Structure formats: structure tokens, C-alpha cells
Amino acid sequence: QVQLVESGGGLVQAGDSLTLSCVVSGSSVSDNAMAWYRQAPGKQRDLVGRINKDGNTNYANSVKGRFTISRDDAKNTVYLQMNSLKPEDTAVYYCNLYPPNIPILRGISWGQGTQVTVSS
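In this report, we go over the structure that sits alongside the text. Not measured: the values here are computed from a predicted model.

How each quantity is defined
Residue positions within a chain follow its written sequence, with the count starting from 1. Per-residue local features of the predicted model are confined to residues with pLDDT of at least 70, and side-chain atom pairs are confined, for both listing and counting, to 80 or more; whole-chain, interface and lining totals are unaffected and use all residues. Hydrogens are left out, water is left out, and the side-chain values use all remaining heavy atoms of the structure. In DSSP terms, a helix is any run of H or I states spanning at least four residues, a strand is any run of E spanning at least two, and both are numbered starting from the N terminus. We call a residue buried when its accessible area falls under 20% of the maximum for its residue type, exposed when it is over 50%, and partly exposed in between, using a 1.4 Å probe and counting protein chains only. Only heavy atoms enter the contact rule, under which two residues are in contact if any of them lie within 4.5 Å. The protein chains shown are the only cover counted for residues, whose accessible areas, like all others here, come from Shrake-Rupley with a 1.4 Å probe. His residues and chain termini do not enter the charge count, which takes Lys and Arg as positive and Asp and Glu as negative. Just so you know, the charge point we use is NZ for Lys, CZ for Arg, CG for Asp and CD for Glu. Think of it this way: DSSP has to see at least two bridges between two strands before they count as a pair. Among the buried residues, those of types Ala, Val, Leu, Ile, Met, Phe, Trp, Tyr and Cys that are joined through side-chain atoms within 4.5 Å form a nonpolar core.

Description of the overall build of the protein chain
Item 1. Helix and strand counts for the protein chain come out as one helix and 10 strands.
Item 2. Reading the protein chain from its N terminus to its C terminus gives the helix and strand order β-β-β-β-β-β-β-β-β-α-β.
Item 3. Its C-alpha atoms give the protein chain principal-axis dimensions of roughly 40 × 25 × 25 Å.
Item 4. When burial is assessed residue by residue, the protein chain has 40% of its 120 residues classed as buried.
Item 5. Looking at the protein chain alone, contacts between residues at least 24 apart form 55% of all its contacts between residues at least 6 apart.
Item 6. Taken as a whole, the protein chain presents about 6,300 Å² of accessible surface, with 46% of it coming from carbon and sulfur.
Item 7. If you average the places of the 11 positive and of the 9 negative side-chain charges in the protein chain, the two averages end up 5 Å apart.

Encoded structure:
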């Protein structure tokens, strides 16, 4: 049973930085591509970026240059470092295995996510 626990969100001001954590149980982050998603109020859940098994990363244009995804294999944790935060970054942030068909095939549910609120 794979479980995903996001943490690290909070209320910050525009321009601030924040680092989110995703602790994965039941699967190794080193053996999977992992992704961060976010869902803003009234919006659908969007892909923020991903980290492949080889460590290469890919980001949505909206966060490119500001956000960085990394992982700690020993801690089985994926991180999302967010710099120069903007009010439009306000959302609930989630992590999951990538590509998106994998969680479906393996019956992996979304975690609770962690709320990031950026004030202006």
C-alpha cells in the first residue's frame, strides 16, 4: 500500500521561499518518477513538475526557474523548493508517482496535500 504524505505548506508573503516535503511509504522514490501537482481554488489539479528516475527534472512554464524538485533516496522523500513565490502560486500541493496512469493502475490515492497561501 503506497501512501503519500505532503507537508511544509503555510502562509507566506510574495517573494518568500518555502520547501515542501513528500514522504512516500510502500514504494521507493528512487525506483519511480515522481511529480508535484497543485490545485488552486476553483481550478483543476495541474502538474507542477516531475523528477525522473535518472534525476532529470521537468517543470511547468509557470514555475520554471523558481521551483526545484529534488529527492532524498535515504529518506524516501521528494521535495519541492519554491522561491520567489507569487500569489498565483496559492494552491494545495500534492505529490504522486508519475506518469499519472501509474497511481490509477496501482490503486494509489492522492494524499491530503499541503496548503500554500501566498499573500500580496
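Digging into the pairing of strand E5 (residues 45-51)
Item 1. Alignment of strand E4 (residues 33-39) against E5, held across six bridges, turns out to be antiparallel. Directly across from Tyr 37, in E5, lies its bridge partner Leu 47.
Item 2. Connecting E4 to the antiparallel partner E5 that follows it, the hairpin turn spans five residues, and Gly 42 within it adopts a positive phi of roughly 75°.
Item 3. Direction of pairing for E5 relative to strand E6 (residues 57-59): antiparallel, over a ladder of three bridges. Following the sheet pairing, Gly 49 is matched in E6 by Tyr 59.
Item 4. Between E5 and E6, which pair antiparallel and follow one another directly, the connecting turn spans five residues, one of which, Gly 55, has a positive phi of 95°.

Notes on the nonpolar core
Item 1. In terms of nonpolar packing, the biggest core is built from 27 residues, with Leu 4, Trp 36, Leu 80, Met 82 and Tyr 93 touching the most fellow members.
Item 2. Counting only elements with at least two residues in this core, the list comes to strand E3 (18-25), E4, E5, strand E7 (67-72), strand E8 (77-82), strand E9 (91-98) and strand E10 (114-119).
Item 3. With residues near it in sequence (within four places) discarded, Met 82 still touches Asp 16, Ser 17, Leu 18, Leu 20, Arg 66, Phe 67, Tyr 93 and Val 116.

What to know about the pairing of E8
Item 1. Here E3 pairs with E8 via six bridges, running antiparallel. Each bridged residue has a counterpart across the sheet, and for Leu 18 the counterpart in E8 is Met 82.
Item 2. Bridge count between E7 and E8: six bridges; the pairing is antiparallel. Looking at E8, one finds that Ser 70 is bridged to Tyr 79.

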